[in-house]
Amino acid sequence: DTGVSQNPRHKITKRGQNVTFRCDPISEHNRLYWYRQTLGQGPEFLTYFQNEAQLEKSRLLSDRFSAERPKGSFSTLEIQRTEQGDSAMYLCASSGAGGPGEQYFGPGTRLTVT
Amino acid sequence: RKEVEQDPGPFNVPEGATVAFNCTYSNSASQSFFWYRQDCRKEPKLLMSVYSSGNEDGRFTAQLNRASQYISLLIRDSKLSDSATYLCVVLGGGADGLTFGKGTHLIIQP
């Protein structure tokens, strides 16, 4: 399978704990995006990488959130001191030659903060 | 005001009917427009881009009205497999990430 993969698929954590998610984009794609989706809403943009450079962060990305893409391949999204409001589906997407509008999404990591 | 607004539905439509969805966007500097489809508990997938001149892909027709900041999607001869949430998506206007509407839920009934 050469699509976008995300791990873990599900994460349950207690409030105050730190969590880290991983995204492996399609190998030839240089752009990688993170989104958050809650029930009944469309995905909300969090941040974007072109190769290893983080080029944009949304206002939604508080200082408890950090994302990296150290070698321009896989990316990690870390949430520190999780809060119940962080419970959501975290989606990763990548794009390549088709341009930034043609994004391929991974299956997501569902985070539940108890 | 929400950047991309859609009627959430649900739209309950008999198989074979024609159905149309609309959305409006607030950022006049937006440059590119798309419809994505999301099945229940699945990730979004690109359905089609939307061009100023209007474009068609099989049973699907998309149109853009920049002056009114309005995007539409028409589905003809609807199939049971068209049941999904259709997300109106905008790119640009100073942002690199996609801006999604809440989605319109479509249910095709046999």
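Residues numbered from 1 in each chain as written. Chains lettered and ligands numbered in written order. Predicted model: local features only at pLDDT ≥ 70, side-chain atom pairs only at ≥ 80, totals over all residues. Heavy atoms only, no water.

(A) Seen up close, the overall build of chain B. Summing up its helical and strand segments, chain B has zero helices and eleven strands in all. Along chain B, helices and strands appear, N-terminal first, in the series β-β-β-β-β-β-β-β-β-β-β. The C-alpha atoms of chain B give 13 Å as radius of gyration, which agrees with the globular expectation for 110 residues (13 Å, within 12%). For chain B, the spread of C-alpha atoms along the principal axes amounts to about 45 × 30 × 20 Å. Here chain B holds 110 residues, and the buried ones make up 44% of them. (Helix = DSSP H or I, 4+ residues; strand = E, 2+ residues; numbered from the N terminus. Rg over C-alpha atoms; globule rule 2.2 N^0.38 Å. Buried < 20%, exposed > 50% of the residue type's maximum accessible area, 1.4 Å probe, protein only.)

(B) Representation of the overall build of chain A. Helix and strand counts for chain A come out as zero helices and eleven strands. When the elements of chain A are put in sequence order from the N terminus, they spell out β-β-β-β-β-β-β-β-β-β-β. Taking 114 residues into account, the globule formula puts the C-alpha radius of gyration at 13 Å, and chain A, at 13 Å, falls close to it. Considering only C-alpha atoms, chain A reaches an extent of 40 × 25 × 25 Å along its principal axes. Residue pairs in contact within chain A that sit at least 24 positions apart in sequence constitute 54% of those at least 6 positions apart. (Contact = heavy atoms within 4.5 Å.)

(C) Here's a closer look at the interface of chain B and chain A. On the side of chain A, 18 residues touch chain B, which itself brings 16 residues to the contact. Between chain B and chain A, the buried area comes to about 1,400 Å², and carbon and sulfur atoms account for 55% of it. Counting across the interface, chain B meets chain A through four residue pairs in polar contact (both at pLDDT 80 or more). Secondary structure elements with two or more residues in the side of chain B that touches chain A: strand S4 (30-38), strand S5 (44-50) and strand S9 (84-92) of chain B. It is S4 of chain B that provides the largest number of residues to the side of chain B that touches chain A, a total of three residues. For the side of chain B that touches chain A, a count of residues per class yields nine nonpolar, four polar and three charged. (Buried area = accessible area lost by both parts, 1.4 Å probe. Polar contact = N/O pair within 3.5 Å; in protein donor to acceptor, adjacent residues only side chain to side chain. Nonpolar A, V, L, I, M, F, W, Y, C, P; charged D, E, K, R; others polar.)

(D) Structural detail: the pairing of strand S8 (residues 70-75) of chain B. All names here are of chain B. Sheet analysis places strand S3 (residues 19-25) next to S8, joined by six bridges and oriented antiparallel. In the strand pairing of S8, Phe21 is matched with Leu73. Here strand S7 (residues 60-65) folds back onto S8 in antiparallel fashion, the turn holding four residues, of which Gln69 has a positive phi close to 55°. (Pairing = 2+ DSSP bridges.)

(E) Highlighting the sheet that holds S7 of chain B. Residues and elements named next belong to chain B. Taking strand neighbours across the sheet as the criterion, the five strands line up as S1-S3-S8-S7-S6 in an open arrangement whose pairing is antiparallel. Of all the strands in the sheet, just strand S1 (4-6) and strand S6 (55-57) have a single pairing partner and so form its edges. Taken over all neighbouring pairs, the strand axes of this sheet differ in orientation by 20° on average, direction set aside. (Axes fitted to C-alpha atoms, helices over the stretch in contact; angles between N-to-C directions.)

(F) Seen up close, the side chain of Thr109 of chain A. Mapped onto the fold, Thr109 of chain A is located in strand S11 (residues 109-113). Excluding anything up to four places from it in sequence, Thr109 of chain A contacts Gln6, Asn7, Pro8, Arg9, Phe21, Ala88, Met89 and Tyr90 of chain A.

(G) Quick look at the environment of Ser27 of chain A. Residues and elements named next belong to chain A. Within the secondary structure, Ser27 is located in the loop between strand S3 (19-24) and strand S4 (31-37). In this structure Ser27 comes out as exposed when scored by relative accessible area, which is 71%. One polar contact links Ser27 to Glu28, side chain to side chain, over a distance of 3.0 Å.

(H) Just the state of the cysteines, in detail. All names here are of chain B. For the structure on display, the rule yields two disulfides over all chains. Two residues, Cys23 and Cys88, share a disulfide whose sulfurs are 1.8 Å apart. Taken as a pair, Cys23 in strand S3 and Cys88 in strand S9 lie far apart in primary sequence, 65 residues in all. (Disulfide = S-S within 2.5 Å.)

On their own, these measurements won't tell you what the molecule is for.
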